[in-house]
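The primary structure of each chain is shown beneath.
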Amino acid sequence: MVGTIRVIDASTGHLVGRGAGTFITVTSGIAFLPFPPMPSYAASKAGVHAYSEALRAQLDGTGVDVVELVPPAVAIAGQEKVNPRALPLDDFATEVMQLLSANPTPGEILVKGVHMHRWAGPAAGPGR
């Protein structure tokens, strides 16, 4: 997360000065839900999501856009062996390019397999 913030901070003045540009951040479907097997990863993606929303509001009217790409599990580097429901890489790339070509580009690019995470209700369970 810190790397994302540092790169954007280093570039923001230049893009605002030009009056045009787009930052694309990458989060994950697990940014919206607790994910006990990988809590640090989930928390960092949730942080990038919150940062993207705040930055989008901060840069409103400057000509600089902030787009958050929210992928589901994607079948790369053997991921399909761990998660057989992971989206094939070619399908992911095709869908992302189609979504990015929308005019205007939405602030959140929600790849199809991630909708259930993005709009999930509060977690149920003991203490909740």
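Residues numbered from 1 in each chain as written. Predicted model: local features only at pLDDT ≥ 70, side-chain atom pairs only at ≥ 80, totals over all residues. Heavy atoms only, no water.

S.K.: Looking at this model, I keep getting lost on helix α2 (residues 39–58). Mind explaining?
M.R.: What sets the pattern is the α-helix's 3.6 residues per turn: residues three or four places apart point alike. For α2, which comprises 20 residues, the first-to-last C-alpha distance of 28 Å matches the rise-based estimate of 28 Å (1.5 Å per residue) to within 8%. Taken residue by residue, α2 has A42, K45, G47, V48, H49, Y51, S52 and L55 as its buried positions. In this structure, the buried side of α2 is in contact with α1 (2–18), β1 (21–26), β2 (64–70), β5 (108–110) and α5 (115–118). (Helix = DSSP H or I, 4+ residues; strand = E, 2+ residues; numbered from the N terminus. Expected span 1.5 Å × (residues − 1). Buried < 20%, exposed > 50% of the residue type's maximum accessible area, 1.4 Å probe, protein only. Contact = heavy atoms within 4.5 Å.)

S.K.: Sorry if this is basic, but what is going on with the confidence of the model for the protein chain here?
M.R.: Caution applies to low-pLDDT regions: their predicted coordinates should not be interpreted in detail. In the predicted model, the protein chain carries a mean pLDDT of 86, and the fraction of residues at 70 or more is 89%. Counting contacts from residues 124–128, a segment whose pLDDT is below 50, to residues more than four positions away or on other chains yields one contact. (pLDDT = per-residue confidence, 0-100.)

S.K.: Would you take a moment to explain the environment of E68 for this structure?
M.R.: Summarising the element assignment, E68 is placed in strand β2. For E68, the residues in contact, after removing those within four places along its chain, are T25, T27, F32, H49, S52, R56, G107, E108 and I109. Reaching out from E68, the side chain makes a polar contact with the side chain of T27 at a distance of 2.8 Å. (Polar contact = N/O pair within 3.5 Å; in protein donor to acceptor, adjacent residues only side chain to side chain.)

S.K.: It is not clear to me how the pairing of β1 should be interpreted in this structure. Could you clarify?
M.R.: Side-chain positions along a regular strand alternate between the two faces of the sheet. Where burial is concerned, the two faces of β1 differ: the one with G21, F23 and T25 is buried and the one with T22, I24 and V26 is not. For β1 and β2, the ladder comprises six bridges, and the chain directions are parallel. Residue pairing in the sheet places G21 in a bridge with V64 of β2. Handedness of the crossover joining β1 and β2 through α2 is recorded here as right-handed. (Pairing = 2+ DSSP bridges. Right-handed = clockwise from strand over helix to strand, strands pointing away.)

S.K.: Which parts of the structure should I look at to understand the pairing of β2?
M.R.: Within β2, six of the seven residues are buried, which leaves it mostly tucked inside the rest of the structure. With three bridges connecting them, β2 and β5 associate as parallel partners. Within the sheet, the bridge partner assigned to E68 lies in β5 and is E108.

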